[in-house]
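The primary structure of each chain is shown beneath.
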Amino acid sequence: MLELDGAQGEGGGQVLRTALTLAMITGRPFRIVNIRANRPKPGLMRQHLVAVQAAAEVCGADVSLAAVGARELEFKPGAIRGGSYRFAIGTAGSCTLVLQTLLPALLFADAPSTVTVCGGTHNPMAPPAHFLERSYGRAMAAMGADMSIALRRHGFYPAGGGEIAAVVRPCGQLTRIELMSPGARLHSYAESLIAGVPERVARRELECVATGLGWSESQLHQRKLPDEQGPGNVLLITLDSEHVTEVIAGFGEKSVTAENVARHAVAEVRRYVASGAAVGEHLADQLLIPMALAGGGKFTVARVSQHALTNAAVIARFLPVDIQFRAGDRHSTCCVTAR
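Owing to the predicted nature of the structure, the values given are computational and were not obtained by experimental measurement.

About the cut-offs
- Residues numbered from 1 in each chain as written.
- Predicted model: local features only at pLDDT ≥ 70, side-chain atom pairs only at ≥ 80, totals over all residues.
- Heavy atoms only, no water.
- Helix = DSSP H or I, 4+ residues; strand = E, 2+ residues; numbered from the N terminus.
- Expected span 1.5 Å × (residues − 1).
- Buried < 20%, exposed > 50% of the residue type's maximum accessible area, 1.4 Å probe, protein only.
- UniProt positions renumbered as here; feature names shortened; annotations may be inferred.
- Pairing = 2+ DSSP bridges.
- Axes fitted to C-alpha atoms, helices over the stretch in contact; angles between N-to-C directions.
- Contact = heavy atoms within 4.5 Å.

A. Structural detail: helix 8 (residues 306-318). In a regular helix each residue adds 1.5 Å, so 13 residues correspond to 18 Å; helix 8 covers 19 Å between its end C-alpha atoms and thus fits that length. Among the residues of helix 8, those classed as buried are Ala308, Thr310, Asn311, Ala312, Val314, Ile315 and Phe318.

Structure follows, in C-alpha cells:
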C-alpha cells in the first residue's frame, strides 16, 4: 500500500484527488494521512468526501475512515466500471473538482459512462464549469479523449445547487501532445453572468474589460440567469486560440466592487498574454495526469503553481514518469517523460 502525506507541497486537497484518480487507474491502494493539513479547516470537507465516495462507487473500492473532518483514510480500488452515476455534494463545494477526479479514470472503464455532479459550479476556490467545458475539454479531446461536459444549472457560492453532467467513452490510450504556444488568436470575448444581482454589476464589469483590454462591444456579453440560481456573479474572459482555449474568471463577492472584480481578471489576462505561454496555471495543473497517462508530453505555462508541483510529486509516486519544470525568461516549460 502506497503511503502518502497530505501535508506535502501545498497541503490541500490536490494530493487526495490525484491519488484517487491514479489509484483507480493503476489499481494501487493507498493510505493518506494529514489530509489538507495546511488548510484553515484540515481534514475532509464535504466536496472531498464526495470525491472519495464517487471514486469508490466507480471502481468498487474498499474505503476506511472516510468522513467529514477525517484526516486520514485508506483506499483499495477495484476495477473501473462504466455506467450512469449521480453525486450530490449538498453544499457549494466544487462540482468541477469532483469531476476532475473521475473523468481521467472513466476513460479506462469497461463501458461508457454518464456522470452528473450537483453542488457549486462557480466557486472562487476552484476552476469554474466553463473552464472544464472549454479549456480542459478541448485539451483532452486533442489527446484523444472522447468526452463531453455540459453545465445544466449554475450554482454559486455559498448556496450551490448547480449541476454539471459529463459523458465519457473509454479510450485505449491517450495521445501525447505538445502545447508550446497558443497559436493565432481566433476569438476573444468576455461574459458577465448574474443571478439575483443588479444588471448594473454586469455592465460595470464589462465596461472595465473594454477599457482594460481595448475590446469592442461585440466581444462583451451580459448574461442574466434566473434569480433562483443566485445570488451570484462571475466574469468570464475566454481566449480561444489556434492550439488552446484559456478561461480566466473573476468572482463577485460582498464588499468587492464590480470594477475590482474586472481589474483582477484583466490583469491575469495581460500576464498570460505577455508570457507567450500556451496555457495558464489552472490548465497546466490539469494537464499533468493525462500527459503522464499518455507516457509523455510538453507545454509552456505562464506560472507554475504550488498546486502543479504537488500534483507532479504525487503522480510520480503512482506512474513511471518524470515531470520537470524549467524556468525561462517569460514562462516555464513542463516536460513529462517516461522513466
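B. View of the UniProt feature "domain: RNA 3'-terminal phosphate cyclase" (unreviewed entry) in the chain. With numbering matched to this structure, UniProt assigns "domain: RNA 3'-terminal phosphate cyclase" (unreviewed entry) to residues 9-324. Between the end C-alpha atoms of residues 9-324 the distance is 15 Å, and the span holds 36% helix and 27% strand.

C. Representation of the sheet that holds strand 6 (residues 113-119) within the structure. Spatially, four strands are ordered 5-6-8-7 in an open sheet, and the strand pairing comes out mixed. With partners counted over all chains shown, the strands left at the sheet margins are strand 5 (83-88) and strand 7 (146-153), one partner each. When the angles between neighbouring strand axes are averaged without regard to direction, this sheet yields 15°. Summarising the sheet, strand 7 and strand 8 (residues 162-169) pair through seven bridges and their orientation is antiparallel. Within strand 8, the position partnered with Asp146 by the bridge is Arg169. Helix 3 (residues 95-106) rests against strand 5, strand 6, strand 7 and strand 8 of the sheet, and its axis sits at about 165° to strand 6.

D. Main features of the UniProt feature "active site" (unreviewed entry) in the chain. Taking the numbering used here, the UniProt-annotated feature "active site" (unreviewed entry) corresponds to His307. In this fold, His307 is placed in helix 8. When residues no more than four places from it in sequence are discounted, the contact partners of His307 are Glu10, Gln14, Arg17, Arg39 and Asp285.

E. Representation of the pairing of strand 10 (residues 185-195) in the model. Across 10 bridges, the pairing between strand 10 and strand 12 (residues 232-241) is antiparallel. Residue pairing across strands places Tyr189 opposite Thr238, the latter belonging to strand 12. Sheet analysis places strand 10 next to strand 11 (residues 220-224), joined by five bridges and oriented parallel. Bridged to Ile194 within strand 11 is Lys224.

F. Representation of the side chain of His130 in the model. Looking at where His130 falls in the secondary structure, it is placed in helix 4 (residues 129-142). The residues touching His130, leaving out its near neighbours within four places in the chain, are His122, Ser135, Leu151, His154, Leu193, Leu236 and Val247.

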